[in-house]
Each structure stands twice: as structure tokens, then as C-alpha cells.
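# Residue-level structural notes
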Amino acid sequence: MSRLRRMPRQQQPARPARRRSYDQFCATARALDSVGDRWTLLIVRELLAGPRRYTDLHADLPGVSTDVLASRLKDMEQGGLAVRRRLPPPAAAAVYELTEHGRGLLPVLTALAAWGAPGLGERRPTDAVRAHWFALPLLRALDGLTHSGVIEVRLPEGEFHIRTGAEATGGAAYGYGPAGHPDACLVLDADAVLAVGRGGSTLAEAVKEGRVEVLGEGALADELRGGQSPRPRLLPPNSPVA
């Protein structure tokens, strides 16, 4: 009895996994098809400050696993929300950044932060915090400024900076760490950020009440003070404020 030689089956190329969809002809459902997965909008929050390396994203997203982060970033690339590119030497590092389509989520995140702000009561012992997470509620409070420039924000948790007007056009709305040459500086705490972000008081009212201090001179600093004086000089980060 002859033995038939078993021929190996031709290996078929793996089909790309189809992302889950609500399969509804609805703009909200389509949007959630792209950003409704857990962690996606928080990754967008991080990338709104500009290009970031994978390791930096992972460090500022406590609780996300490396597998989930890699999967979400891949989905965001496929959905046209983000791109991965390599920085030129001497950095020569790969970074992720939002596309124009992804940056269009800024007003969505700002509105979501305003909606969620009332849920921020006393900070829980398990709550992680980063200074730049307060940028979104503060952006809402600064909306409507007539002068352009860069505002450095100093909190007990750290520093970040916000670009207003023409400075923010086409780029990151805020950035990590102190600004190189800010036009003005806000010194305040998280409670003050959330108060003005919720609309409980205006920034000018918070300045008048002493909950916010504005450092610097010029039109932008004056507008932040609500036209008040005196004008404290701008000091480097971590300098004692007189």
C-alpha cells in the first residue's frame, strides 16, 4: 500500500483584525468607533501637547499596559488620528504626533474636561497626577483672550505652558514643562485651575482675590490681570515669588 505524501497547506496571509464598530449610521457612533476604546482619548490628551516618544507616553499614562498602549497607537495610526515619525539627528528617536484630524479633538477634550470637573472632589490616595493634565480646564478659562502669546503655568505639581491666539495656530495648544520665553506666567494651585475652569469665577476675579498671581509685563499679562496693576516681574521657575 503506497503512502501518500502529505503536501503542506499553503499558508494564507493573516487578515487584519476588523475593529469593532457600532454599525450605526450616526455621527456620534462613527466618532466612538475611532475614539471610544479605553485609553484612546487620554492618549490624545497627551499628544495635544506635541510629539511624544512611546516611553514618555507610557510614563504619563499610569495604569496602561505596554500591549494596550501599542495597540491603541496602532489603531490611531490606522484611523488617521496620529502618525509615527523619526526625529532628525541628534535626537534620532521615533515619536507619535497627532494629525490635523486628531488635533480636531481639542474642543472635544476641553468640553469633556469641563463636564468631568465637578467630579473632582478631594484627591484620592490612589490618584496619579501630572501638572499638564490641568491644561484642558485652564484652556477653557483662557478662551477669548484677545492677545497672543505663551503663558507659563506654575502649579505645585509642576509647570506647563499654553499658547494663545496666533501662537497656537496649527500646532500644539499646550506644552510640557516651563516655556523658554513666556509672555506671562500664572502661579496658582489645582483648586484655582478647577474653579476658573468650571466657570465658578473668572480668571480676573481669581487674580483680584489673590488665588492666582500673574507675573510679567506686556499686553497679555495685563489682560490676564483684567487690566490691574502692579506688574510683578517674570521670575524663572521655582524662584520665590515676592
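This text gives an overview of the structure that appears in the document.

What counts, and where the lines are drawn
- Residues numbered from 1 in each chain as written.
- Predicted model: local features only at pLDDT ≥ 70, side-chain atom pairs only at ≥ 80, totals over all residues.
- Heavy atoms only, no water.
- Salt bridge = Lys/Arg side-chain N within 4 Å of Asp/Glu carboxyl O.
- Buried < 20%, exposed > 50% of the residue type's maximum accessible area, 1.4 Å probe, protein only.
- Helix = DSSP H or I, 4+ residues; strand = E, 2+ residues; numbered from the N terminus.
- Pairing = 2+ DSSP bridges.
- Axes fitted to C-alpha atoms, helices over the stretch in contact; angles between N-to-C directions.

Here we take up the pattern of salt bridges. Counted according to the given criterion, the structure contains 11 salt bridges. Here D56 and R53 are joined by a salt bridge, their closest N and O atoms 3.1 Å apart. Classification of D56 by relative accessible area gives partly exposed; the value is 25%. The class of R53 is partly exposed, set by a relative accessible area of 40%. Close ionic contact of R123 with E157 constitutes a salt bridge, the shortest N to O distance being 3.1 Å. One end of the pair, R123, is in the loop between α6 (106-116) and α7 (135-142); the other, E157, is in the loop between β3 (149-155) and β4 (158-164), with 34 residues separating them in the sequence. By relative accessible area, which is 31% here, E157 ends up partly exposed. One salt-bridge network, in which partners are shared between bridges, spans R45, E46, R52, D60 and R130.

With that settled, the discussion passes to the sheet that holds β4. In space, the five strands of this open sheet follow the order β5-β4-β3-β6-β7, with mixed pairing throughout. Edge positions in the sheet fall to β5 (174-176) and β7 (213-215), since each of these pairs with one other strand and no more. Going across the sheet, the axis of each strand differs from the next one's by a mean of 25°, ignoring polarity.

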